[in-house]
Amino acid sequence: MLVALLPLVSLLLGSLDNAALPLRLEIDGAHHGIGVGTTGAVVLSPHDADFYNASLDWNQGLCRPTPAVIVFASNAIDVANAVKYAHTNGLAVTVRSGRHSYECFSVGQGSMVIDVSALRHISIQQQSPELWTVSAGPGVQLIELYAALWQHGELVFPGGSCPTVALGGFTLGGGYGFLSRQLGLGADQLLSAEVVLANGAIYHTTAGGNDMSSLVWGLQGGGNGNFGVVTNMTLRATLLPSAQRHSIVHYTVYWHVADAVTAFAAWQSLAPTTDRRLSLSFVVYENSVKALAQFLGTQAELESLLAPLLAVGKPYDTSVQVFTSYLNATLDFAGCGTLAQCLAQTHQWPASQPPLAWKAKSLYISVPLNDTAIARFVSWMLDPLKYRQCCAGQFAGFMLDPYGGAIADRAPNATAFPHRNALYHVQLMGYWNATSSADRNVTEQWLTQVYADLQALVPPPYGAYRNYPDLDLGSTFMAMYYGTENAAALEALKARYDPLNTFRYPQSVPLASAAP
């Protein structure tokens, strides 16, 4: 358990309004002073007993960096004081909200980590008959938000299925979920934000059209620790029609491997263009092919929409669940039996769980694959000779999520998230034993081969999802995540709001002069 006061790290009172008394930190053998505010920030250095556990992210197979110091902030003033210290002393700052970064970008080697997981306030207001808003801290975990919104007035937000992903990282990187085809991305719901800038100033920014010079534009899909520390977000919440929020169908269809190509082709034709109330993913595991649907409406309506897919091949099984509460539907996809079980997960951290190790790759598909290309792609998972090269007995999978609908309603430059015209997104994932470097090498080599083969099947330009980061993208990461036009606008914002590059990590938005 974290301890706030240790011999080396002594918390002294202070504030921005009357000069903060210094907190003594030892960094690389030198003592420095930092004002941390009056509200109970916890500061840990490598000398502290809890430091190693506090530095862990969920993915312990790719990276275990050692930051210089971790500041667990309790409000924006704590953040401001920490940022001013880092800015003055030339420390890089990385921002952490939920520890889910695939490449551990929130824990930089030698950096100051500002952990905002304690900023979990939620305030819901009705601004007009048509507009509900929720102001929330970046540390709010998605299941906490879903529960608060539903219990307040049966409101929803288009978040993802993992209950412990934090709202900050999710929203600022784009934010795809099962409601996105109907309501848009999480980033599309961002109306305003409170941001601590590199000089320690607490800045408020509000959405205003599609102004690419606006900070909030950059936060809508390009805001993951690039320009400052977001300490509060005001987001649009939605009251769905009663028939949709009280009848939610989860429907899964299973095929034999022999039907993989025809099922994939039928799914590809249907999923990106179907009724916006339907989110229909396609999943391929070893010897397993399935489509996974969430639909806001009746089972009869859904089965009518799915008819072209159900007619393909010979599905050997289906699974249907109907929920009368959208909150209960989110619990199902989160893998929780009850809300209490899900909420209990929000208090678990990596050090208390068996170590996880995985690598993911991301690619957007904007042109349909033909049957030959589909067969070649799925063979990596379904051909025993190819799959045997992967994972050393662990797990791998391909998950394809449909776009279109409300995602495509906005132009590629309307926010920093550019992938509006994609048909669907492909995520490749491989897991291995976290203690085995040999297993890691085998899995990563296999994923690299699959990814290169998939890229060969689709025309450029290529795109990838920022919230599934991949260091293997090398110097192409800005174009892959943001597209050429948006990348240039983000670099201009970087120069304006963080000219000394205080907020940095291996794939942060660079200053224009340092861009690859």
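Further up the page is the structure itself.
Residues numbered from 1 in each chain as written. Predicted model: local features only at pLDDT ≥ 70, side-chain atom pairs only at ≥ 80, totals over all residues. Heavy atoms only, no water.

Asker: It is not clear to me how the overall build of the chain should be interpreted in this structure. Could you clarify?
Answerer: A count of helical and extended segments in the chain gives 16 helices and 18 strands. Against the 2.2 N^0.38 benchmark of 24 Å for 516 residues, the chain shows a C-alpha radius of gyration of 23 Å, consistent with a compact globule. In terms of overall dimensions, the chain has C-alpha extents of about 70 × 55 × 45 Å along its principal axes. Residues counted as buried form 60% of the 516 residues belonging to the chain. Restricting the contact set of the chain to residue pairs at least 6 apart, pairs at least 24 apart contribute 71%. Of the roughly 19,200 Å² that the chain leaves accessible, carbon and sulfur atoms contribute 54%. Here the chain carries 25 positive and 34 negative side-chain charges, and the mean point of each set is 2 Å from the other. (Helix = DSSP H or I, 4+ residues; strand = E, 2+ residues; numbered from the N terminus. Rg over C-alpha atoms; globule rule 2.2 N^0.38 Å. Buried < 20%, exposed > 50% of the residue type's maximum accessible area, 1.4 Å probe, protein only. Contact = heavy atoms within 4.5 Å. Areas by Shrake-Rupley, 256 points an atom, 1.4 Å probe, with all protein chains shown as cover. Lys, Arg positive; Asp, Glu negative; His and termini not counted. Charge placed at Lys NZ, Arg CZ, Asp CG, Glu CD.)

Asker: For this particular structure, what's the right way to read the sheet that holds strand 4 (residues 69–72)?
Answerer: To summarise the sheet geometry, strands pair through backbone hydrogen bonds and adopt either a parallel or an antiparallel arrangement. Strand order in the open sheet made by the four strands is 3-4-6-5, with mixed pairing throughout. Edge positions in the sheet fall to strand 3 (42–44) and strand 5 (93–96), since each of these pairs with one other strand and no more. Geometrically, the sheet is characterised by an average inter-axis angle of 20° between neighbouring strands, direction not taken into account. Across the face of the sheet, helix 2 (residues 76–89) comes into contact with strand 4, strand 5 and strand 6 (112–115) while running at roughly 170° to strand 6. (Pairing = 2+ DSSP bridges. Axes fitted to C-alpha atoms, helices over the stretch in contact; angles between N-to-C directions.)

Asker: What is the right way to read empty space enclosed by the protein from this model?
Answerer: The method is simple in principle: a probe with the dimensions of a water molecule rolls over the atoms, and the space it marks as empty is what remains. Following the criterion strictly, the structure yields four cavities of 30 Å³ or more and no others. As a volume, the largest cavity reaches approximately 110 Å³. Broken down by secondary-structure element, the contributors of at least two residues to the lining of the largest cavity are helix 3 (142–153) and helix 11 (326–334). Top element by residues in the lining of the largest cavity is helix 11. It accounts for four residues. Taken together, the residues that form the lining of the largest cavity break down as nine nonpolar, five polar and no charged. (1 Å grid on protein atoms, 1.4 Å probe; cavity = no way out; pocket = protein on both sides within 12 Å on 5 of 7 lines; lining within 4 Å. Points joined across faces, edges and corners; volume = space filled by probe spheres on them. Nonpolar A, V, L, I, M, F, W, Y, C, P; charged D, E, K, R; others polar.)

Asker: Before we go on, may I ask you to explain the sheet that holds strand 11 (residues 229–237) in this structure?
Answerer: With antiparallel pairing, five strands are arranged side by side in an open sheet as 7-8-11-9-10. Pairing within the sheet leaves two strands with one partner each, and these edge strands are strand 7 (122–126) and strand 10 (202–206). Averaged over neighbouring strand pairs, the angle between their axes works out to 15° when direction is ignored. Across six bridges, the pairing between strand 9 (residues 190–196) and strand 11 is antiparallel. Across the sheet, residue Val196 finds its bridge partner in strand 11, namely Val229. Taken strand by strand, helix 2 contacts strand 9, strand 10 and strand 11, and its axis lies near 50° from that of strand 9.

Asker: I would appreciate a short explanation of the pairing of strand 8 (residues 132–136) in the present structure.
Answerer: Consecutive side chains along a regular strand alternate between the two faces of the sheet. Most of strand 8 is tucked away, with four of its five residues classed as buried. As paired elements, strand 7 and strand 8 share five bridges and run antiparallel to each other. Considered in strand 8, the bridge of Gln126 is made with Trp132. In textbook terms, the turn of a hairpin is the stretch between consecutive antiparallel strands, and for strand 7 and strand 8 this stretch comprises five residues.

Asker: Can you help me understand the state of the cysteines in this one?
Answerer: Joining two cysteines, a disulfide is a covalent bond between their sulfur atoms. For the structure shown, the criterion picks out one disulfide. A sulfur-sulfur separation of 2.0 Å characterises the disulfide bridge that pairs Cys336 with Cys342. The sign of the 80° torsion about the S-S bond sets the Cys336-Cys342 disulfide as right-handed. No disulfide involves Cys162; its sulfur sits 9.0 Å from that of Cys342, the nearest cysteine. (Disulfide = S-S within 2.5 Å.)

Asker: Sorry, what's going on with the packing of aromatic side chains here?
Answerer: A ring pair, where both rings are aromatic, is described by two values, the distance of the centres and the angle of the planes. Here the structure, examined in full by the defined rule, presents 28 aromatic pairs. For the ring pair Trp267 and Phe282, a centre distance of 5.7 Å and an interplane angle of 35° mean the geometry is tilted. Here Trp267 is found in helix 8 (residues 260–270), whereas its partner Phe282 is found in strand 13 (residues 278–285), with 15 residues between them in sequence. Relative to Tyr431, the ring of Phe395 has its centre 5.7 Å away and its plane inclined at 50°; by these criteria the two rings are tilted. A residue pair is termed long-range when its members are at least 10 positions apart, and Phe395 in the loop between helix 14 (384–387) and strand 17 (396–402) and Tyr431 in strand 18 (residues 424–431) qualify at 36 residues. A relative accessible area of 36% places Phe395 in the partly exposed class. One aromatic cluster is present, built from ring pairs that chain together Tyr102, Tyr176, Tyr285, Trp358, Tyr364, Phe395, Tyr403, Phe417, Tyr431, Tyr465 and Tyr468. (Phe/Tyr/Trp six-rings, centres within 6.5 Å; stacked < 30°, edge-to-face > 60°.)

Asker: Is there a simple way to think about the environment of Thr338 in this case?
Answerer: Position of Thr338 relative to the elements: it lies in the loop between helix 11 and helix 12 (339–345). The class for Thr338 is partly exposed, based on a relative accessible area of 36%. Through-space distance from the C-alpha of Thr338 to that of Asn328 is 8.0 Å; in sequence the pair is ten residues apart.

Asker: Help me understand helix 2 in this model?
Answerer: Residues lying three or four places apart along an α-helix face the same way, a consequence of the helix completing one turn every 3.6 residues. Helix length check: helix 2, at 14 residues, gives a terminal C-alpha distance of 20 Å against a target of 20 Å (1.5 Å per residue), a fit within 8%. Along helix 2, the residues that are buried comprise Ala76, Asp78, Val79, Ala80, Asn81, Ala82, Val83, Tyr85 and Ala86. Among the residues of helix 2, the N-terminal cap falls to Asn75, whose side-chain oxygen and the backbone nitrogen of Ile77 are separated by 3.0 Å. (Expected span 1.5 Å × (residues − 1). Polar contact = N/O pair within 3.5 Å; in protein donor to acceptor, adjacent residues only side chain to side chain.)

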